[in-house]
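# Structural description and commentary
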Amino acid sequence: MFQRIDFDPKQSRLAYVQIMAKLKILEFPDPRLRTKATPVDVVDDKLRALVDDMFETMYAASGIGLAATQVDVHKRLLVADVSADNDDPYVLINPEILEKEGTIVTDEGCLSVPGFYEEVERAEHIKVRFLERDGTEVKLEATGLLAVCIQHEVDHLDGKLFVDYLSEAKRQRIRKKLLKERRQQAAVIA
Ligand code: QAP
Ligand code: CO
């Protein structure tokens, strides 16, 4: 997002600075969350501005991970920070999970499924290849919560949600509660 700051009389044009912005997070069962994201072809300043906005959005919502799909941008890009002090940010562009090992069960939540947490089994260790925010390719070996978070976020890029791992009954219960909450919220506003 850009904000006008000044009029530059020498060049007789307006000057702009970039400001960070919070983005709207899509919520289950929004069908846009089922979109399969396409690879990023260039890592440029416009993409880095989106990355900044995604961190802003994730930290403001007390999240540990956010995929571009969740903010209705269908590019293969995710951000994560599983540290206690929000000081260990990861940007994964075009992530590819190369290896998975072991299993771990975690109480997972999702900013797109607010208020619901359920146990999901995933790989405990992963090796993942991706581009960093400067466009360089790296490989990372992740374990525990970071590994779980990356698998959860890569699922989003393929249109998959953690509720898909639950029973049909549990998923329907969550869906109905979220739709009801949204109806009531709409009634308050109206
Ligand atoms: C994925 O999820 C994740 O319901 C990231 O009211 C979560 O950041 C991977 C959140 C847990 C592994 C373990 C959820 C915030 C944040 C909510 C999140 C809520 C407020 C979820
Ligand atoms: Co999620």
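See above for the structure.
First, a word on scope: everything that follows refers to the structure included in this document. This structure is a prediction, so every number in the text was calculated from the model and none was measured. (Residues numbered from 1 in each chain as written. Chains lettered and ligands numbered in written order. Predicted model: local features only at pLDDT ≥ 70, side-chain atom pairs only at ≥ 80, totals over all residues. Heavy atoms only, no water.)

## Quick word on the sheet that holds strand 3 (residues 65-67)
The pairing of strands in a sheet happens through backbone hydrogen bonds and is either parallel or antiparallel. Test applied: The criterion for strand pairing is that DSSP finds at least two bridges linking the strands in question. Helix numbers and strand numbers start at the N terminus; a helix is a DSSP run of H or I with at least 4 residues, a strand a run of E with at least 2. Each axis is a line fitted through C-alpha atoms, taken for helices only over the stretch in contact, and angles between the N-to-C directions span 0 to 180 degrees. In this description, contact between two residues means that some pair of their heavy atoms is separated by no more than 4.5 Å.
An order of 3-4-5-8-9 is seen for the five strands of this open sheet, with the pairing classed as antiparallel. Each end of this open sheet is capped by a strand with a single partner; those strands are strand 3 and strand 9 (137-143). Strand after strand, the sheet turns through a mean of 40° between neighbouring axes, direction not considered. Of the strands in this sheet, strand 3, strand 4 (77-80) and strand 5 (90-101) touch helix 1 (residues 45-60), which is tilted by about 40° from strand 4. Its contacts with the sheet place helix 2 (residues 144-157) against strand 3, strand 4, strand 5, strand 8 (125-131) and strand 9, and it is angled at close to 120° to strand 9.

## A short note on the pairing of strand 9
In terms of strand pairing, strand 8 meets strand 9 through seven bridges, oriented antiparallel. Across the sheet, Phe130 pairs through a bridge with Val138, a residue of strand 9. Hairpin connection of strand 8 to strand 9: five residues between the antiparallel strands, including Gly135 at a positive phi of 95°.

## A few points about the site of ligand 1
For the record, the criterion: Throughout, near means a residue has at least one heavy atom within 4 Å of the molecule or strand. Whenever two N or O atoms come within 3.5 Å, that pair is a polar contact, provided that in protein one can donate a hydrogen and the other can accept it, and provided that, for residues adjacent in sequence, both atoms are side-chain atoms. Using the Shrake-Rupley algorithm and a 1.4 Å probe, accessible areas are obtained, with residue cover drawn only from the displayed protein chains.
Around ligand 1 lies a shell of 17 residues, among which Gly63, Ile64, Gly109, Gly115 and Tyr117 are the nearest. Separating an oxygen atom of ligand 1 from a backbone N or O atom of Ile64 is a distance of 2.7 Å. Within the backbone of Gly115, an N or O atom sits 2.8 Å from an oxygen atom of ligand 1. Considered on its own, ligand 1 offers 500 Å² of accessible surface; in the complex 83% of this is hidden by protein. The element that contributes the greatest number of residues to the shell around ligand 1 is helix 2, accounting for five residues.

## With respect to the side chain of Thr57
Its location among the elements puts Thr57 in helix 1. At 2.9 Å, the side chain of Thr57 forms a polar contact with the backbone nitrogen of Leu23. Residues within four places of Thr57 in sequence aside, it is in contact with Ala21, Lys22, Leu23, Ile25 and Leu66.

## Some points on the environment of Val51
Relative to the elements of secondary structure, Val51 occurs in helix 1. For the pair Val51 and Ala68, spaced 17 residues apart in the sequence, the C-alpha separation amounts to 8.7 Å. Ignoring sequence-local partners within four residues, the contact set of Val51 consists of Leu77, Val79, Val91 and Arg133.

## Considerations on the environment of Asp52
Formally: Categorising residues by exposure relies on relative accessible area from a 1.4 Å probe, with only protein chains included: less than 20% of the type maximum marks a residue as buried, more than 50% marks it as exposed, and the intermediate range marks it as partly exposed.
Mapped onto the secondary structure, Asp52 falls in helix 1. Asp52 gets classed as partly exposed once you look at its relative accessible area, which sits at 26%. Excluding residues that lie within four positions of it along the chain, Asp52 makes contacts with Met20 and Arg133.

## So, the pattern of salt bridges
A side chain with one charge can pair with a side chain of the opposite charge if their charged atoms come near. Put simply, the rule is: The salt bridge definition used is simple: a Lys or Arg side-chain nitrogen within 4 Å of an Asp or Glu carboxyl oxygen.
Within the structure shown, the criterion is met by 15 salt bridges. With a shortest N-O distance of 2.8 Å, Asp158 and Lys36 are connected by a salt bridge. Of the two residues, Asp158 is situated in the loop between helix 2 and helix 3 (168-189) and Lys36 in the loop between strand 2 (13-18) and helix 1; the sequence distance between them amounts to 122 residues. Via salt bridges that share partners, Asp30, Arg32 and Asp72 belong to a single interconnected network.

## A few points about helix 3
Worth spelling out the cut-off: A helix is expected to span 1.5 Å for every residue after the first. Here the arc refers to the set of directions running from the helix axis out to each C-beta atom.
For helix 3, which comprises 22 residues, the first-to-last C-alpha distance of 32 Å matches the rise-based estimate of 32 Å (1.5 Å per residue) to within 8%. For helix 3, every residue scored as buried is listed here: Arg171, Ile174 and Leu178. All buried residues of helix 3 project into a common sector of 65° when viewed along the axis, lining one side. Within helix 3, the exposed residues directed more than 90 degrees away from the buried face are Ala169, Lys176, Arg183 and Ala187.

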